[in-house]
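Observations on chain architecture
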Amino acid sequence: MENMNFRVTREEQGDRIDRYLASRLPDYSRSFLQKLVGEGRVLVGDKPVKSNYKINEGDRVSLSVPDAVEPEIVPEPIPLDILYEDASLLVINKPKGMVVHPCPGHYSGTLVNALMYHCKDQLSGINGVMRPGIVHRIDQNTTGSLVVCKTDAAHRFLAQQLKDHSITRKYRAIVHGNLKEEGGTVNAPIGRHPVDRKKMAVNERCGRNAVTHYRVLERFGSFTYLECRLETGRTHQIRVHMASIGHPLLGDDVYGPSRCPIPGLTGQTLHAMTLGFIHPETGTYMEFEAPLPEYFENLLEKLRRR
């Protein structure tokens, strides 16, 4: 059982309790939070509230989340493209279409299933049985470099670097439109979309600080090839930030056009190319580069010929 407590600010007052909790707890769906309210697990002060309760400034909101019943995760002999490996960690070049860790609808075929087969019992346990070794993640249709920790000590060390924004993370992306500038920075907080809880959005009221730097690598008229450098690492950060300035990622049917102008392209054109960090054991800075996947290279050549 996990217990959580929040104090309502002036900016947050007036929201329904489920909307408020959804903004505070983006990892939980609103339907799950509504279920907790219905079960009497959400209190304001010391009294349970109903789902139509509207919060007030100064309200002390508490909730208890029951422990999840986690399914058994089975090791699977899935090939891995390993860029680097030692006794503390490994760096993986994740392919398109692979989910990083098990979740509803994806309890097999994930990177975790493959890691459990490859590493046996040598994965950090800090994030529990569903996410062993996983320090950070990239989306299912995003390709590229990802660090995985074998020990808890390495995991804590890398997690602190992520928190301090000292890890180098450079992505390659193709976006709609022709950017006016040669580069720039998007500094806009990201939180759950106020209506569609499956999406993220620039959210000035209750989003978390998010900064993306970008520079133009190549122009194709209707599209632009970019390098994006993450200063922070929010969910869908590059996808949300580029869409917010009118240049959504090519192939992104969540934050961009519903119809992709490139036949056969599935998912956003986003590749985590460069990953750099200080090694937890040696204290030396290491940097890894995941080569562009074949589909991405072919797409660039196709755009150059247009």
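Refer to the structure above for everything that follows.
This report concerns the structure included in the present document. Only a predicted model underlies this, so the values are computations on that prediction, with no experimental measurement involved.

A closer look at a nonpolar patch on the surface
Residues Phe157, Ile278 and Tyr285 make up a contiguous nonpolar surface patch of about 260 Å² in total accessible area. Note on placement: phenylalanine 157 falls in helix H4 (residues 152-163). You can call phenylalanine 157 partly exposed: its relative accessible area is 35%.

Quick notes on the sheet that holds strand E2 (residues 42-44)
The strand order E1-E4-E2-E3 describes an open sheet built from four strands, whose pairing is antiparallel. Where the open sheet ends on each side, the last strands, each with one partner, are strand E1 (2-7) and strand E3 (47-48). Strand direction decides the pairing type here: E2 and strand E4 (residues 60-65), joined by three bridges, are antiparallel. Its bridge partner lying in E4, valine 42 is registered against leucine 63.

Here we look at the pattern of salt bridges
With the rule as written, the count across this model stands at 15 salt bridges. Here arginine 205 ties to aspartate 15 by a salt bridge, and the two come within 2.6 Å at their closest N and O atoms. Of this pair, arginine 205 sits in the loop between strand E11 (200-202) and strand E12 (211-219) while aspartate 15 is found in the loop between E1 and helix H1 (17-24), placing the two residues 190 residues apart along the sequence. The partly exposed category is assigned to arginine 205, whose relative accessible area is 44%. Among the residues examined, aspartate 15 registers a relative accessible area of 12% and is labelled buried. Note that arginine 239 and aspartate 139 form a salt bridge whose closest N and O atoms lie 2.9 Å from each other.

So, how was this worked out
Residues numbered from 1 in each chain as written. Predicted model: local features only at pLDDT ≥ 70, side-chain atom pairs only at ≥ 80, totals over all residues. Heavy atoms only, no water. Patch = residues over 30% accessible without salt bridge, like charges linked within 9 Å, V, L, I, M, F, W, Y side chains within 5 Å. Areas by Shrake-Rupley, 256 points an atom, 1.4 Å probe, with all protein chains shown as cover. Salt bridge = Lys/Arg side-chain N within 4 Å of Asp/Glu carboxyl O. Helix = DSSP H or I, 4+ residues; strand = E, 2+ residues; numbered from the N terminus. Buried < 20%, exposed > 50% of the residue type's maximum accessible area, 1.4 Å probe, protein only. Pairing = 2+ DSSP bridges.

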